[in-house]
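# Structural characterization, general
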Amino acid sequence: MTRNAEALATFGSVLVAMVTPMDPDGRVDIDAACSLAERLVDDGANGLVLNGTTGESPTTHQPEKDALVRAVVDAVGDRARIVAGAGSNDTQHAVRIARSAERTGAHGLLVVSPYYNRPSQEGVYRHIRSITDAVDLPVMLYDIPGRTGVAIGDGVLDRLAEHDRVLAVKDATGNVPAGFTRMRRTGLAFYSGDDALNLAWLTHGAVGVVSVAGHVVAGACAEMVASISAGDLPRAQDLSVELAPVCEALLGTGQGAVYAKAALELLGAIPHRSVRSPLVEADETELADLADALRAAGILAA
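Keep in mind that this is a model prediction, so the values were computed, not measured. (Residues numbered from 1 in each chain as written. Predicted model: local features only at pLDDT ≥ 70, side-chain atom pairs only at ≥ 80, totals over all residues. Heavy atoms only, no water.)

What follows is about the packing of aromatic side chains. On inspection of all chains with the given rule, the structure shows two aromatic pairs. Both rings, one in Phe11 and one in Tyr191, keep their centres 6.5 Å apart while their planes meet at 85°; by these two values the pair is edge-to-face. Taken together, the residues span a long stretch of sequence, with Phe11 in helix H1 (residues 3–11) and Tyr191 in strand E7 (residues 189–192) at a distance of 180 residues. Residue Phe11 shares its accessibility class with Tyr191, and that shared class is buried. Pairing Phe190 with Trp201 gives two aromatic rings, centres 6.2 Å apart and planes at 25°, and the pair type is stacked. With Phe190 in strand E7 and Trp201 in helix H9 (residues 198–203), the pair connects residues that are eleven residues apart, well separated along the chain. (Phe/Tyr/Trp six-rings, centres within 6.5 Å; stacked < 30°, edge-to-face > 60°. Helix = DSSP H or I, 4+ residues; strand = E, 2+ residues; numbered from the N terminus. Buried < 20%, exposed > 50% of the residue type's maximum accessible area, 1.4 Å probe, protein only.)

Residues annotated in UniProt with the feature "binding site: pyruvate" (unreviewed entry) correspond here to Thr54 and Val210. Judged by maximum C-alpha separation, these annotated positions cover 157 residues in sequence but sit close together in space, the widest gap being only 11.0 Å. Within the secondary structure, Thr54 sits in the loop between strand E2 (47–50) and helix H3 (62–76). The residues contacting Thr54, other than those within four sequence positions of it, are Ala17, Met18, Val19, Thr20, Val212, His215, Gly256 and Ala257. (UniProt positions renumbered as here; feature names shortened; annotations may be inferred. Contact = heavy atoms within 4.5 Å.)

Along the chain, Ser192 falls in strand E7. Taking relative accessible area as the criterion, Ser192 reaches 0% and is therefore assigned buried. Here the side chain of Ser192 touches Asp194 through a polar contact of 3.1 Å, landing on its backbone oxygen. A polar atom in the side chain of Ser192 sits 2.7 Å from the side chain of Asn198. For Ser192, the contacting residues outside a window of four places in its chain are Asp171, Leu197, Asn198, Trp201, Ala206, Gly208, Val209 and Val210. (Polar contact = N/O pair within 3.5 Å; in protein donor to acceptor, adjacent residues only side chain to side chain.)

Right, dumping it as structure tokens:
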């Protein structure tokens, strides 16, 4: 089995980087999370990323992360692949997160480069390798230097690609040409980590997407992936044009968790758009602008 085929079987092809629903007091709402997970899978997602950045992983705690993974696996784990974030700038903390994700039933891990510390490339390698070696789960690397302050360099990627359980990369570098070269050189499966570049990544050989916009357009994302697989580039291009305003409305400010939750509240998919500080929920003006964008896209009823 090729790495691409193994990654698709392990992680899926249309993953939503799922928000963590919370009540107005900031408590994690497990019932709302399970209902949302079911909705997303019904809409076309075949994978969910829990406890990632969009899931507010920096401000949720281990018992909450564990409860979320366990509940969502129980709810939809027979229909979708559940990938748990194992991100921290403390290697041993990340190892503990990974081990807990394995115990609570996750099918795979999303491992981001360590942020803020700005370690050397050898430090990045040792961090990711320590997490990977601590569990028996397959790993998708997450390269997003705009947030972490440190990239996964070519040398580190090549070394990690030699590990049997490192199967894929979620690439949010914005550098599609470099990604094309890297996927060919390493044999790793690549996933688009930037909704605005989904079409570009897919046409350059990515096997799927890890999407924030998928909270409201999972079906269209799935159709785009299927269109590329079927060789129907014009249809994929049409979908990309249709989805562009939605991606801009949800992600244009860089506040994906905030606006995804606001959109889901508008659609009645979650009860509240509450987030944890230092994030701040969308205000009434922002909510009205988002509603206008969703109506214009035909997602929200007029």
